[in-house]
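This is what each chain is made of:
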Amino acid sequence: MDPFTITRTVRIDADTAAVWASVANAEGLAGWLGAAVEVDVAPGAAGRIVAHDGTARRLVITEVAEHRRVGFVWWNQDEPADASRVVISVEGDGDGTRVTVTETVDPVAVGALGGRASALGPAEMGDLLGLGARWDDRLGQLLGAATSALVAAGA
Amino acid sequence: MTASIPPAGRPARGPLDRGPDPVFAALADPTRREILRAVGARGEATATELAAELPVSRQAVVKHLQALAAADLVGAERVGREQRYRLTPAPLDEALRWMIEVGAAWDDRLERLRRRFEPPAR
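Keep in mind that what you see is a predicted model, and the values were worked out from it rather than measured.

**Q** Which residues make up the sheet that holds strand β1 (residues 44-46) of chain B, and what values do they have?
**A** Hydrogen bonds along the backbone pair up the strands of a sheet, which may run parallel or antiparallel. Residues and elements named next belong to chain B. Strands sit in the order β1-β3-β2 across an open sheet of three strands; the sheet is antiparallel. Looking along the sheet, the strands with just one partner apiece sit at the ends: β1 and β2 (74-79). Averaged over all pairs of adjacent strands, the angle between strand axes in this sheet comes to 30°, irrespective of strand direction. When β1 meets strand β3 (residues 82-87), the two strands line up antiparallel, connected through three bridges. What sits directly across from Ala45, in β3, is Tyr85. Sitting on the sheet, helix α2 (residues 30-42) is in contact with β1, β2 and β3, with an inclination near 90° to β3.

**Q** Let's hear about the pairing of β2(B): which residues, and what values?
**A** Residues and elements named next belong to chain B. Bridging between β2 and β3 involves six bridges; their strand directions are antiparallel. Paired with Gly75 across the bridge in β3 is Arg86. Connecting β2 to the antiparallel partner β3 that follows it, the hairpin turn spans two residues, and Gly80 within it adopts a positive phi of roughly 70°.

**Q** I'd like a rundown of the packing of aromatic side chains, residues and numbers included.
**A** Throughout the structure, instances matching the rule amount to two aromatic pairs over all chains. Arranged with centres 5.3 Å apart and planes meeting at 70°, the rings of Phe72(A) and Trp74(A) form a pair that is edge-to-face. Relative accessible area serves as the criterion here: at 2%, Phe72(A) is assigned to the buried category. Under the relative-accessibility criterion, Trp74(A) is labelled buried at 1%. An aromatic cluster of at least three residues, connected via ring pairs, comprises Phe72(A), Trp74(A) and Trp106(B). Cation over ring: Arg57(A) sits above Trp74(A), and NZ or CZ is 4.0 Å from the ring centre. Residue placement shows Arg109(B) over the ring face of Trp106(B); its charged tip is 4.4 Å from the ring centre.

**Q** Run through the sheet that holds strand β4 (residues 56-65) of chain A, naming residues and quoting values.
**A** Residues and elements named next belong to chain A. Read from one edge of the open sheet, seven strands run β1-β7-β6-β5-β4-β3-β2, paired in antiparallel fashion. Each edge of the open sheet is held by one strand with a lone partner, namely β1 (5-12) and β2 (36-38). Across the sheet, the mean angle separating the axes of adjacent strands is 25° when strand polarity is ignored. Bridge count for strand β5 (residues 69-76) against strand β6 (residues 84-93) is six bridges, and the pairing is antiparallel.

**Q** Could you give me a rundown of the pattern of salt bridges, with the residues and numbers involved?
**A** Counted by the stated rule, this structure contains 16 salt bridges over all chains. Of the charged contacts, one joins Arg11(A) and Asp93(A) as a salt bridge, the two residues approaching to 3.5 Å between their closest N and O atoms. Of this pair, Arg11(A) sits in strand β1 while Asp93(A) sits in strand β6, and the two are 82 residues apart along the sequence. Since its relative accessible area comes to 23%, Asp93(A) is described here as partly exposed. Salt bridges here are not isolated pairs; linked through shared partners, they connect Arg42(B), Glu44(B), Glu49(B), Glu53(B), Arg84(B) and Arg86(B).

**Q** Tell me about α2(B), and name the residues and values.
**A** Residue and element names in this part refer to chain B. For α2, spanning 13 residues, the distance from its first C-alpha to its last is 18 Å, which sits close to the expected 18 Å at 1.5 Å a residue. Turning to α2, its buried residues number three or more, namely Arg32, Arg33, Ile35, Leu36, Arg37, Ala38, Val39 and Gly40. Just downstream of α2 lies Gly43, where phi reads positive at about 90°.

**Q** Outline the packing of α2(B) against helix α4 (residues 58-70) of chain B, supporting the account with residue identities and numerical values.
**A** Residues and elements named next belong to chain B. Remark: α2 packs on α4, axes separated minimally by 10 Å, with the N-to-C direction vectors making an angle of 80°. Our classification of the angle between α2 and α4 gives roughly perpendicular. Contacts between α2 and α4 pair Thr31, Arg32, Ile35, Leu36 and Val39 from the former with Val61, His64, Leu65, Ala67 and Leu68 from the latter. Residue composition of the contact of α2 with α4, grouped by class: seven nonpolar, two polar and one charged.

**Q** If you had to explain the side chain of Glu103(A) to someone new, which residues and values would you point to?
**A** Mapped onto the elements of the fold, Glu103(A) is located in strand β7 (residues 96-105). Nearest to the buried, unbridged Glu103(A) among oppositely charged side chains is Arg109(B), at 4.7 Å. In terms of polar contacts, Glu103(A) uses its side chain to reach the side chain of Trp106(B), at 2.5 Å.

**Q** If you had to explain the pairing of β5(A) to someone new, which residues and values would you point to?
**A** The buried fraction of β5(A) amounts to six of the eight residues, a majority that puts the element mostly inside the structure. In textbook terms, the turn of a hairpin is the stretch between consecutive antiparallel strands, and for β4(A) and β5(A) this stretch comprises three residues, one of which, His67(A), has a positive phi near 65°.

**Q** Let's hear about the confidence of the model for chain A: which residues, and what values?
**A** Confidence in the prediction for chain A averages 75 pLDDT; 64% of positions are at 70 or higher. Counted against residues more than four places away or in other chains, residues 107-148 of chain A, with its pLDDT under 50, gives 93 contacts.

Parameters and conventions
- Residues numbered from 1 in each chain as written.
- Chains lettered and ligands numbered in written order.
- Predicted model: local features only at pLDDT ≥ 70, side-chain atom pairs only at ≥ 80, totals over all residues.
- Heavy atoms only, no water.
- Pairing = 2+ DSSP bridges.
- Helix = DSSP H or I, 4+ residues; strand = E, 2+ residues; numbered from the N terminus.
- Axes fitted to C-alpha atoms, helices over the stretch in contact; angles between N-to-C directions.
- Contact = heavy atoms within 4.5 Å.
- Phe/Tyr/Trp six-rings, centres within 6.5 Å; stacked < 30°, edge-to-face > 60°.
- Buried < 20%, exposed > 50% of the residue type's maximum accessible area, 1.4 Å probe, protein only.
- Lys NZ or Arg CZ within 6 Å of the ring centre and 35° of its normal.
- Salt bridge = Lys/Arg side-chain N within 4 Å of Asp/Glu carboxyl O.
- Expected span 1.5 Å × (residues − 1).
- Parallel < 35°, antiparallel > 145°, perpendicular 65-115°, else oblique.
- Nonpolar A, V, L, I, M, F, W, Y, C, P; charged D, E, K, R; others polar.
- Lys, Arg positive; Asp, Glu negative; His and termini not counted.
- Polar contact = N/O pair within 3.5 Å; in protein donor to acceptor, adjacent residues only side chain to side chain.
- pLDDT = per-residue confidence, 0-100.

Put into structure tokens, the structure is as follows:
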């Protein structure tokens, strides 16, 4: 598993067309992807997102596969070097819908991270964080209350 | 119409890759995790202080702290007759921090999306 890729998935009790409508345009994306979303969901289009924590992001749509997938590159407006690639996939799951998201650090941004591989190799990183598992369950099991202290001290 | 933008190459593995990994091995032991947690909660601690707080002998605490120090998860400074330990999270570097934060952010977003279709019962 790539240490610079996150994957998360959720199953929703709703039909795929309805869920796709929440992914396929800015009106649908607003409220969950970010507090405010302004973008034409079409390849090459640039836009803006205001996150729920107030931070401003820019994005550029890289791919749209109708009823299946939207991909974009995005970055914190103040930190353009820290861009990452996101893919949101939608697929039917019985009478519900599964939404899967991956976010991958853009290699250009690895230099901004110091170009270091983590001291945890990719296999351990995947095991540590658990593909599809809630981060706080897995990481909490391993680190407990030390997590926030460790993350804060690493700032 | 604009073509989709092709992804760039994968990042090469850096100078820190080695295995078997002492950091993961250090974190795999539940007693060591508890000690790490306790050092984090206190800010800094000696083996004696930790042994007083935890159901672990001082001798065992010393061994665990040595393993944590070997993995660079704690640093030690001699003060008087004892070593004082504190967290040194350098091995939990930017990549892990990023994964923690980004993973949590996506959990929140997907939960908001789910609740749009499955509002909580009142």
